[in-house]
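Listed below, chain by chain, are the residues.
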Amino acid sequence: MKSLREYLIKEEEDDKKPTLERGNIKFTIWEEPDKKVTQLENNYKYQKIEYKYEDKDKGIYIDFLLGFQDQSWKLWIGKIGSCSYDDDPYCSFDTDDFKKGIIACLDKVEEFIEKVQEDPENYVQFYI
């Protein structure tokens, strides 16, 4: 049986575990293979818009790609290095406005990572 002190120490350690916050989701936006953008323009054709999620402790590495296809912003999710705009998208945001698309994408990325953290075995196809 744990003492009150042991219980409080365990609870304090659990509170210190890192969680993904929306502000930590930072997309890298590329104009060309080796050139990141310095400013954004609505519906300008970017080469790649991506966020790489990495949890080294759990061996989870996921690539998130945001792209504009068929007049709508869409999200692709897969293994880093193999996720491609040529694959079927994970979801569509039904908007042609970049600002609305990126906000919806941030929501979906945060939601998806929470699901993976809760049940990693159910999402292995996205990272193994």
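Here, the structure is the one placed above.
So what exactly am I meant to see when it comes to the environment of Q117 here?
Mapped onto the elements, Q117 comes out in helix α2 (residues 98-118). Distance from Q117 to I60, taken between C-alpha atoms, is 9.2 Å for residues 57 residues apart in sequence.

How should I be thinking about α2 in this particular structure?
Within an α-helix, residues lying three or four positions from one another point in the same direction, as the helix has 3.6 residues per turn. The terminal C-alpha atoms of α2, which comprises 21 residues, lie 30 Å apart, in line with the 30 Å expected from a rise of 1.5 Å per residue. Those residues of α2 that sit buried are F98, G101, I102, C105, L106, V109, F112, I113 and V116. Projected down its long axis, α2 shows its buried positions confined to an angular sector of 140°, all on one face. Of the exposed residues in α2, the ones pointing more than 90 degrees away from its buried face are K99, K100 and E118. For α2, the capping residue at the N-terminal end is D97, with a side-chain oxygen 3.2 Å from the backbone nitrogen of K99.

Whenever I open this one, the sheet that holds strand β5 (residues 72-79) confuses me. Can you help?
The strands making up a sheet associate through hydrogen bonds between their backbones, and the pairing can be parallel or antiparallel. Overall, antiparallel pairing links the 6 strands, which are arranged β2-β1-β3-β4-β5-β6 in an open sheet. Pairing within the sheet leaves two strands with one partner each, and these edge strands are β2 (35-36) and β6 (91-92). Of the pairings in the sheet, the one linking strand β1 (residues 28-32) to strand β3 (residues 48-55) comprises 3 bridges and is antiparallel in character. Pairing of W30 across the sheet is with K48, part of β3. Sitting on the sheet, α2 touches β1, β3, β4 (60-69), β5 and β6, and the angle it makes with β4 is about 155°.

Before we go on, may I ask you to explain unusual backbone geometry in this structure?
Most peptide bonds take the trans configuration, and most residues that are not glycine carry a negative phi. A positive phi angle is found at Q71, which is not glycine, with a value near 65°. Within the secondary structure layout, Q71 lies in the loop between β4 and β5. Take Q71: its relative accessible area is 61%, and that puts it in the exposed class. Of note in the backbone geometry, D94 takes a positive phi value of approximately 50° without being a glycine. A relative accessible area of 69% means that D94 is categorised as exposed.

Explain the pairing of β5 to me, please; I cannot follow it from the model alone.
Burial analysis of β5 places 7 of its 8 residues in the buried class, which makes it a mostly covered element. Across 8 bridges, β4 lies against β5 in antiparallel orientation. Bridge pairing in β5 links F68 to W73. Sheet topology note: the β5/β6 ladder contains 2 bridges and is antiparallel. Among the inter-strand pairings, L75 is bridged to a residue of β6, identified as C91.

Even after reading the chapter, I still don't get the pattern of salt bridges, so can you show me in this structure?
A side chain of one charge can pair with a side chain of the opposite charge if their charged atoms are brought near each other. Inspection of the entire model under this criterion finds 5 salt bridges. In this structure, K48 engages E50 in a salt bridge whose closest nitrogen and oxygen atoms are separated by 3.7 Å. Owing to a relative accessible area of 31%, K48 belongs among the partly exposed residues under this scheme. With a closest N to O distance of 3.5 Å, K115 and E111 form a salt bridge. In this pair, K115 and E111 both sit in helix α2, 4 residues apart, roughly one turn of the helix.

Basis of the calculations
Residues numbered from 1 in each chain as written. Predicted model: local features only at pLDDT ≥ 70, side-chain atom pairs only at ≥ 80, totals over all residues. Heavy atoms only, no water. Helix = DSSP H or I, 4+ residues; strand = E, 2+ residues; numbered from the N terminus. Expected span 1.5 Å × (residues − 1). Buried < 20%, exposed > 50% of the residue type's maximum accessible area, 1.4 Å probe, protein only. Arc of directions from axis to C-beta. Polar contact = N/O pair within 3.5 Å; in protein donor to acceptor, adjacent residues only side chain to side chain. Pairing = 2+ DSSP bridges. Contact = heavy atoms within 4.5 Å. Axes fitted to C-alpha atoms, helices over the stretch in contact; angles between N-to-C directions. Salt bridge = Lys/Arg side-chain N within 4 Å of Asp/Glu carboxyl O.

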